[in-house]
Amino acid sequence: MTEVKAAVAEPKYTLQTVTHRRAWLSEKLISIRVTRDQHFNFLPGQFARLGLALDPDQPQTPTEWRAYSMVSHPDQNELEFFSVIVPDGKFSPALARLQPGEALWIDKTSFGFLTLERFADGEDLWLIATGTGLSAYLSMLRDTHTWERFKHVIVIHGVQYANELAYRDEILEMVAAHAPGQLLYIPITSQEPTAPKLSPALQSLTPPARITTLLDNGELERRIGITLDPSRSRVMLCGNPAMVTAMRASLSTMGFAPGRRGVAGNLAVENYW
């Protein structure tokens, strides 16, 4: 009699290793880099599900999962993630404690639709984020295809305090590396003035403000010098759900709308904490 062995389901995730941990000026922000499975593919703007083994009785089994956008470019050998530490959270404090050499599990599938494939070509790409919502855009900024498709790229990053402006130096290096006006970087703080001279457009935006207020009163467009025009502008919103909801409502009155089946839109949104 022939013995029939039961098929063993292949795990939906891979075990990866932390290679680098970076603490930012704000104690609540960290970035980590990890090894990457050779079969893990993604598009700039997509996210991965990260897993941690938080049950002491199951040290080799991921029991908690969270979604994080890839900061790294799809061609890089490692994956990079940017996280805010929620003090009473179950996942982010444990993620922040990881050191090089420690384990992190990653789902084999990439997720998300906040990608440039959502848009028809345009002239101006507006990347608007609050907090760690900036993550989704960093991969796009590192991608040469972004610069081939758009004449201007406007990065607007809203935070509470200036020490939360992570990746600022890298973005400023990108500003310097591109033709004048091709990349505009507008950091905005809501609780304190931002440091001056980060970009020419920032000089009149240094007082504390909210992105939603600056959009509604027209100040954002005036200081950047580019009009939000549905026929030429493509807008992405990523961050705090309250910001996304308010901005989406304001932009809809200006003629911006997400795409639908068979029709490319000019607005893409994703909530991100």
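Residues numbered from 1 in each chain as written. Predicted model: local features only at pLDDT ≥ 70, side-chain atom pairs only at ≥ 80, totals over all residues. Heavy atoms only, no water.

Caption draft 1: Expanded view of the nonpolar core. The biggest cluster of nonpolar side chains holds 53 residues, and the ones touching the most others in it are Phe81, Leu127, Tyr137, Leu141, Val153 and Met236. The greatest single-element share of this core, amounting to five residues, is contributed by helix H2 (residues 135-141). Counting residues in hydrophobic clusters, the runner-up holds 23 residues, among them Leu184, Val235, Leu251 and Phe256. (Core = buried A, V, L, I, M, F, W, Y, C linked by side-chain atoms within 4.5 Å. Buried < 20%, exposed > 50% of the residue type's maximum accessible area, 1.4 Å probe, protein only. Helix = DSSP H or I, 4+ residues; strand = E, 2+ residues; numbered from the N terminus.)

Caption draft 2: Main features of the environment of Glu78. Checked against the element boundaries, Glu78 lands in strand E5 (residues 78-84). Along the primary structure Glu78 and Arg36 are separated by 42 residues, whereas in three dimensions their C-alpha atoms are 5.1 Å apart. Residue contacts for Glu78: discarding those within four places in its chain leaves Thr19, Arg33, Val34, Arg36 and Ser72. Reaching out from Glu78, the side chain makes a polar contact with the side chain of Thr19 at a distance of 3.0 Å. (Contact = heavy atoms within 4.5 Å. Polar contact = N/O pair within 3.5 Å; in protein donor to acceptor, adjacent residues only side chain to side chain.)

Caption draft 3: Structural view of the pattern of salt bridges. Following the criterion strictly, the structure yields twelve salt bridges and no others. In this structure, Lys28 engages Glu164 in a salt bridge whose closest nitrogen and oxygen atoms are separated by 3.4 Å. Of the two residues, Lys28 sits in the loop between strand E1 (13-23) and strand E2 (29-35) while Glu164 sits in the loop between strand E8 (152-159) and helix H4 (168-177), which places them 136 residues apart along the sequence. Assessed through its relative accessible area of 32%, Lys28 is described here as partly exposed. According to the relative accessible area criterion, Glu164 is buried, its value standing at 9%. (Salt bridge = Lys/Arg side-chain N within 4 Å of Asp/Glu carboxyl O.)

Caption draft 4: Local environment of the sheet that holds E5. If you trace the six strands from one edge of the open sheet to the other, you get E4-E3-E6-E1-E2-E5, paired in antiparallel fashion. In this open sheet, the two edge strands, each paired with only one partner strand, are strand E4 (64-69) and E5. On average, each strand axis in the sheet is tilted by 40° relative to the strand beside it, whichever way the strands run. (Pairing = 2+ DSSP bridges. Axes fitted to C-alpha atoms, helices over the stretch in contact; angles between N-to-C directions.)

Caption draft 5: Quick look at the sheet that holds strand E9 (residues 183-189). Taken in spatial order, the five strands make up an open sheet running E9-E8-E7-E10-E11, and their pairing is parallel. Strands at the two margins of the open sheet, each flanked by one partner only, are E9 and strand E11 (267-271). Adjacent strand axes in the sheet meet at a mean angle of 10° when their direction is disregarded. Across the sheet, helix H7 (residues 241-253) touches strand E7 (124-130), strand E10 (233-239) and E11, and the angle it forms with E10 is around 155°.

Caption draft 6: Expanded view of H7. For H7, spanning 13 residues, the distance from its first C-alpha to its last is 19 Å, which sits close to the expected 18 Å at 1.5 Å a residue. All of the buried residues along H7 are Met243, Val244, Met247, Ser250 and Leu251. Buried residues of H7, seen end-on, are gathered within an arc of 140° and therefore sit on one face of the element. Of the residues in H7, the exposed ones pointing more than 90 degrees away from the buried face are Ala242, Thr245 and Thr253. Buried residues along H7 sit in contact with E7, helix H5 (211-216), E10 and E11. One or two residues past the end of H7 sits Gly255, with phi positive at roughly 100°. (Expected span 1.5 Å × (residues − 1). Arc of directions from axis to C-beta.)

Caption draft 7: Here's a closer look at the packing of aromatic side chains. The final tally for this structure, using the stated rule, is seven aromatic pairs. Between the aromatic rings of Tyr13 and Trp65, the centroid separation amounts to 5.4 Å while the plane-to-plane angle is 50°, which identifies the pairing as tilted. Of this pair, Tyr13 sits in strand E1 while Trp65 sits in strand E4; the two residues are 52 residues apart in sequence, bridging distant segments of the chain. When its relative accessible area of 30% is taken as the criterion, Tyr13 is described as partly exposed. One aromatic cluster is present, built from ring pairs that chain together Trp24, Phe82 and Tyr167. (Phe/Tyr/Trp six-rings, centres within 6.5 Å; stacked < 30°, edge-to-face > 60°.)

Caption draft 8: Representation of the confidence of the model for the protein chain within the structure. In the predicted model, the protein chain carries a mean pLDDT of 91, and the fraction of residues at 70 or more is 91%. Predicted confidence is poor over residues 200-204, with pLDDT under 50, and the contacts of this stretch with residues over four places away or in other chains come to eleven contacts. (pLDDT = per-residue confidence, 0-100.)

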